[in-house]
Amino acid sequence: MRIAVVFGLAMLAASLANAAHADVKMSGTFVADAACPATQAIKNGKNPGNVSTDAGQSYQLLAGNKDAPTHYLILVPGADPERRWVKVSCGHVSGSSAATVPAAPGGQGKPAASGKPEYVFALSWQPAFCETKSSKTECKAQSAGDFDATHFTLHGLWPQPNGNFYCQATAADKANDNPAHWKDLPPVTLEADTRTELDQVMPGTASHLERHEWIKHGTCYGKSQQDYFSDALNLMRAVNGSPVRDLFAKNIGGKLTADQIRGAFDGAFGAGAGDRVRVSCVIDPSSGRRLIGELTLGLAGPIGPNSSLKDLLLASVPTNKAGCPTGTVDAIGFQ
């Protein structure tokens, strides 16, 4: 009897220990800043195939090993197994959220040390995105004459700091905030002209991306749905009407470096603007090509209908990491 009780207590202790060290589910993208071992296990460092991250490469982020993680669990296409652990010092995350992060109070961003609200403004290069998400409705409908064949598309405008998510959102909406259930999130109500422009500039509306962006990020913006998306579209016009977009359009099928991209931002929006830009790449699963998938811009200051993208960029804190060093500007359609 005593042995049984001791054994039972040992099992209970093991169970509690496992629960205490449960992985923290995360979403977003991990961008490797260096070539680092991508291991199957953290403790013993087992690494079948001697897999390493590729500097500048983006990987799907799955989890952290705890609330304040020392390691991230990422998906490495082609590895066996594909789920691998990397040290957090190996890179940075983009658009990340932890399932355990509490909702923050509302307000237009959160004041930084300067007293100005800060944001991350995320622009996608849709052809590259679709190479990795071919089953998406918007990707099946790609056409050479479409806006997204030659222009940046809107991913999102994210009030900072990271973790400022789901302000006053219901538990049901949080539970539905995954791509399979975005259709079950509340519809976004916009003026007709804004809706028409958004459907063009954010092709992901075909998969209800705008509902996800509003419930996760827009609810923390401190304005209405109409104002949130109007402000984002105004900023998109500034980028797509600039030499940065021209640089990409002229190099479709070719390669660009992070330095070239940052230089184009300097030329378009003032010296130093490029220091607020980070480049993320994705790997085409069918060809292994490294594609430029996204640009994330740091912005600071109140955003409104007449805001200057130049002023917002230059008011933000520079990033010392340019991200992906070089990548291909993908052409529309599956290559």
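Named according to an unreviewed UniProt entry, the protein chain is Ribonuclease originating from Mesorhizobium newzealandense. Under Sequence similarities (unreviewed entry), UniProt gives the following word-for-word description of the protein chain: "Belongs to the RNase T2 family."

## Some points on helix H5 (residues 192-201)
Residues of H5 that are buried: Thr-194, Glu-197, Leu-198 and Val-201. Within H5, the buried residues cover an arc of 100 degrees as seen down the axis, which keeps them to one side. H5 presents Ala-192 and Thr-196 as exposed residues on the side facing more than 90 degrees away from its buried surface. Here the buried face of H5 lies against strand E7 (153-159), helix H6 (209-216) and helix H7 (225-240).

## Describing the side chain of Thr-53
Positionally, Thr-53 belongs in the loop between strand E1 (24-32) and strand E2 (58-64). Excluding residues within four positions of it along the chain, Thr-53 makes contact with Ala-32, Ala-34, Ala-35, Cys-36, Tyr-59, Ile-74, Val-86 and Cys-90.

## Brief notes about the state of the cysteines
Within the structure shown, the criterion is met by four disulfides. Two residues share a disulfide in this structure: Cys-36 and Cys-90, whose sulfurs sit 2.3 Å from each other. Measuring the twist about the S-S bond at about 105 degrees, one finds the Cys-36-Cys-90 disulfide to be right-handed. Here Cys-36, found in the loop between E1 and E2, pairs with Cys-90, found in the loop between strand E4 (83-87) and strand E5 (91-98); they are 54 residues apart in sequence, far enough to count as distant.

## Some words on the nonpolar core
Phe-121, Leu-157, Phe-265 and Leu-299 are the most contacted members of the largest nonpolar core, which has 55 residues in total. Take this core: its biggest share by element is seven residues, from H7. Excluding residues within four positions of it along the chain, Leu-299 makes contact with Pro-117, Glu-118, Tyr-119, Phe-121, Leu-157, Leu-235, Leu-309, Leu-312, Leu-313 and Ser-316. Grouped together as the second largest cluster of nonpolar side chains are 14 residues, Met-26, Val-51, Val-76 and Cys-90 included.

## What about helix H8 (residues 243-250)?
Buried within H8 are the following residues: Val-244, Arg-245, Leu-247 and Phe-248. Projected down its long axis, H8 shows its buried positions confined to an angular sector of 155 degrees, all on one face. Where H8 is buried, its residues meet H7, strand E8 (255-257), helix H9 (258-269) and strand E10 (290-300).

What counts and what doesn't
Residues numbered from 1 in each chain as written. Predicted model: local features only at pLDDT ≥ 70, side-chain atom pairs only at ≥ 80, totals over all residues. Heavy atoms only, no water. UniProt positions renumbered as here; feature names shortened; annotations may be inferred. Buried < 20%, exposed > 50% of the residue type's maximum accessible area, 1.4 Å probe, protein only. Helix = DSSP H or I, 4+ residues; strand = E, 2+ residues; numbered from the N terminus. Arc of directions from axis to C-beta. Contact = heavy atoms within 4.5 Å. Disulfide = S-S within 2.5 Å. Core = buried A, V, L, I, M, F, W, Y, C linked by side-chain atoms within 4.5 Å.

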